[in-house]
Amino acid sequence: MESFFNAVSAVVVLFALMAVGYFLGVLGWMTPAEKKFVSRYVVNIAVPLNCVIGLLNNFSHDSLVEAGWLILTAMAGILSTLAISALAATALRLPRKRWGVFTAMAGTSNTLFIGLPLTTQLFGEVSLPFMMTYYLSSAIWTQSLVVLIIEHSGTAAPKGLRPWEVVKDVFTKPPIVGVLTGVLLLALDLRPPELVMQFAGYISDTVVPLALMYCGFIIYEVGLRNLRFLPGIPTMLVIRLILSPLICLGMCTLMGVTG
């Protein structure tokens, strides 16, 4: 019961932080200009440092093999969820322009702005390596297969990215660069000076509150009255919130991932 109440209190804190962002929008203290700044700061500065700190504090040189298995496990789980999402979109007979978006939203997750605050609030910093390896796996599929799925169901002409352009797009994203930097430091068995770690820690601590306030402002922009269940959304929620975790659990069991 203590664990249950800890989880409930963590979720209440998350909603409270989102409410701050919502009311910042209501009061006019946060506008699209501030939203743009928060997004850029979190994704390009705070999250990369967060990745480095999380990996260095919770992984070791000897546990790098585990990180490789985590990435393969996550990639297999996400691919399976995408396949189920595509079949569900076809079974629901969604219009072509919604087929790709449904598949993408049911098959992948918002790992940074929702996943990062949620996991750190519920499980602490120890969850960061697991979350960031999942994010790396998700980014690989999102920037390749998911982009093609959305383009296929869209009305605009496909961009036709070459394989090397997809690889470059994935591995030059600041959060991914942060993950790779952390992995490289672990592989070389190096650790930055404590002054650098302390600085990175202060910046890293801003990720959770700012990311959630950003999400709260997005809800304000959309408008509570506009949050309604369109056809297919209930099925999407079942896939995303029930089937996806079960698939992830199954893949972890199959691949021998524990923790």
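Quantities reported herein were computed from a predicted structural model and do not represent experimental measurements.

The next thing to look at is the environment of isoleucine 203. Structurally, the position occupied by isoleucine 203 is in helix H9 (residues 194-204). Separated by 49 residues in sequence, isoleucine 203 and cysteine 252 have C-alpha atoms that sit 32 Å apart. Each residue touching isoleucine 203, except ones within four places of it in the same chain, is listed here: Tyr41, Ile45, Ala46 and Leu49.

Within the secondary structure, asparagine 44 is located in helix H2 (residues 32-58). Assessed through its relative accessible area of 40%, asparagine 44 is described here as partly exposed. Between the alpha carbons of asparagine 44 and proline 174 there is a distance of 5.3 Å; along the sequence they are 130 residues apart.

Going through the model one piece at a time under the given rule, you end up with four aromatic pairs. Their ring planes at 85° and their centres at 5.9 Å tell us that tyrosine 22 and tyrosine 220 sit as a pair that is edge-to-face. Taken together, the positions of tyrosine 22 in helix H1 (residues 2-26) and tyrosine 220 in helix H10 (residues 207-222) put the pair 198 residues apart, joining distant regions of the chain. For tyrosine 220, a relative accessible area of 33% puts it in the partly exposed group. Taken together, a centroid distance of 5.7 Å and an interplanar angle of 40° make the contact between phenylalanine 217 and tyrosine 220 tilted. With phenylalanine 217 and tyrosine 220 both in helix H10 and three residues apart, this pair spans about one turn of that helix. Here the aromatic residues Tyr22, Phe23, Phe217 and Tyr220 are joined through ring pairs into a cluster of three or more.

Attention shifts here to unusual backbone geometry. Even without glycine at this site, arginine 93 takes up a positive phi of about 55°. Here arginine 93 falls in the exposed class, since its relative accessible area comes to 77%.

Packed helix pairs are specified by the crossing angle of their axes together with the interaxial distance, meaning the distance between the axes. Between helix H4 (residues 96-107) and helix H11 (residues 233-255), the least distance of the axes is 8 Å, while the angle of their chain directions is 30°. One way to sum up the angle between H4 and H11 is to call them roughly parallel. The residues of H11 that touch H4, namely those facing Phe102, Met105, Ala106 and Gly107, are Thr235, Met236, Ile239 and Arg240.

Overall, the coordinates contain one salt bridge when judged by the stated rule. Lysine 35 serves as the salt-bridge partner of glutamate 221, at 3.0 Å between the closest nitrogen and oxygen. You can see glutamate 221 sitting in helix H10 and its partner lysine 35 sitting in helix H2, a full 186 residues away along the chain.

In this section: the confidence of the model for the chain. Summing up the model confidence of the chain, the mean pLDDT is 84 and the portion of residues at 70 or higher is 95%. Per-element confidence in the chain ranges from a low mean pLDDT of 72 for helix H7 (residues 163-171) to a high of 92 for H11.

Quick notes on the rules
- Residues numbered from 1 in each chain as written.
- Predicted model: local features only at pLDDT ≥ 70, side-chain atom pairs only at ≥ 80, totals over all residues.
- Heavy atoms only, no water.
- Helix = DSSP H or I, 4+ residues; strand = E, 2+ residues; numbered from the N terminus.
- Contact = heavy atoms within 4.5 Å.
- Buried < 20%, exposed > 50% of the residue type's maximum accessible area, 1.4 Å probe, protein only.
- Phe/Tyr/Trp six-rings, centres within 6.5 Å; stacked < 30°, edge-to-face > 60°.
- Axes fitted to C-alpha atoms, helices over the stretch in contact; angles between N-to-C directions.
- Parallel < 35°, antiparallel > 145°, perpendicular 65-115°, else oblique.
- Salt bridge = Lys/Arg side-chain N within 4 Å of Asp/Glu carboxyl O.
- pLDDT = per-residue confidence, 0-100.

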